[in-house]
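# Structural features, examined
Residues per chain, in single letters:
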Amino acid sequence: MAVALKQRRTRPKEEEDWRHRAKGKEEEIRYIVKLQGYRETFYEFSVKLSDICRQLAFAGIGLIWLFKKDNLAGLSVPHELLLPGALIVAALTFDLLQYALGSILWRVFYRSNEKLNTSEDEELTHSTGWELPIWIMFCLKTLCMVAAYGFLLDFFVRSISFR
């Protein structure tokens, strides 16, 4: 996680709002962080969100399994749980694609730079489009999980009677 350095700045009196005057504060706290620190913070949060999505996906599959019905033809899942189940499988697929694409793209990037005899210590840049496929998979995975749990919550609210 990025380490923030506090910098205090006095606000001009005309910029103060009533909250600052009421509390008697004359200073505003600002945080100064290098771009690398923000990138590391982003990576930390995206890794954590990916872990949470994966855990929620397996928990969702378990919840759907709890509501399966046994009948003579075999096991069946309530119709209302098919869409959340499909969204969970889609989220896991996007999770796999996110990491597969990331591995492939970054391998291509570093191998092409190795072939150009780029020094290990040289600072490199890349276009923002290079990370776009990874970012799209990350967003789709997250959206699928949010939607799946919305449908699961709807199912539970309508199915479970509270006494």
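Here the structure is a predicted model, which is why all the values come from computation and not from measurement.

### Brief notes about the layout of surface pockets
Space inside the largest pocket adds up to approximately 600 Å³. Taken together, 17 residues form the lining of the largest pocket, with Phe-42, Tyr-43, Trp-106, Glu-131 and Ile-134 sitting closest to its centre. For the lining of the largest pocket, the secondary structure elements donating two or more residues are helix 2 (35–66), helix 3 (82–115) and helix 4 (132–159). Looking at the lining of the largest pocket, the element that brings in the most residues is helix 2, giving six residues. Class assignment of the residues belonging to the lining of the largest pocket gives a composition of eight nonpolar, seven polar and two charged. Of the voids in this model, the second largest pocket is the one considered here, and its volume is about 330 Å³. Taken together, 13 residues form the lining of the second largest pocket, with Phe-109, Glu-120, Glu-122, Glu-123 and Leu-124 sitting closest to its centre. Among the residues making up the lining of the second largest pocket, the classes are represented as four nonpolar, five polar and four charged.

### Points about the packing of aromatic side chains
Inspection of every chain in the model, using the stated rule, returns six aromatic pairs. Pairing Phe-109 with Trp-130 gives two aromatic rings, centres 6.1 Å apart and planes at 55°, and the pair type is tilted. With Phe-109 in helix 3 and Trp-130 in the loop between helix 3 and helix 4, this residue pair connects regions lying 21 residues apart in the sequence. Assessed through its relative accessible area of 16%, Phe-109 is described here as buried. Measuring from ring centre to ring centre gives 5.3 Å for Trp-135 and Phe-138, while their planes differ by 20°; the resulting arrangement is stacked. Taken as a pair, Trp-135 and Phe-138 lie in helix 4 at a separation of three residues, close to a single helical turn. Assessed through its relative accessible area of 40%, Trp-135 is described here as partly exposed.

### What to know about the packing of helix 3 against helix 4
Where helix 3 meets helix 4, the axes come as close as 8 Å, and the angle between the chain directions of the two elements is 165°. In this view, helix 3 runs roughly antiparallel relative to helix 4, as classed from their interaxial angle. For the pair helix 3 and helix 4, the sense of crossing is left-handed. Of the residues assigned to the contact of helix 3 with helix 4, the class counts are 23 nonpolar, two polar and two charged.

Parameters at a glance
- Residues numbered from 1 in each chain as written.
- Predicted model: local features only at pLDDT ≥ 70, side-chain atom pairs only at ≥ 80, totals over all residues.
- Heavy atoms only, no water.
- 1 Å grid on protein atoms, 1.4 Å probe; cavity = no way out; pocket = protein on both sides within 12 Å on 5 of 7 lines; lining within 4 Å.
- Points joined across faces, edges and corners; volume = space filled by probe spheres on them.
- Helix = DSSP H or I, 4+ residues; strand = E, 2+ residues; numbered from the N terminus.
- Nonpolar A, V, L, I, M, F, W, Y, C, P; charged D, E, K, R; others polar.
- Phe/Tyr/Trp six-rings, centres within 6.5 Å; stacked < 30°, edge-to-face > 60°.
- Buried < 20%, exposed > 50% of the residue type's maximum accessible area, 1.4 Å probe, protein only.
- Axes fitted to C-alpha atoms, helices over the stretch in contact; angles between N-to-C directions.
- Parallel < 35°, antiparallel > 145°, perpendicular 65-115°, else oblique.
- Left-handed = near helix turned anticlockwise from the far one by under 90°.

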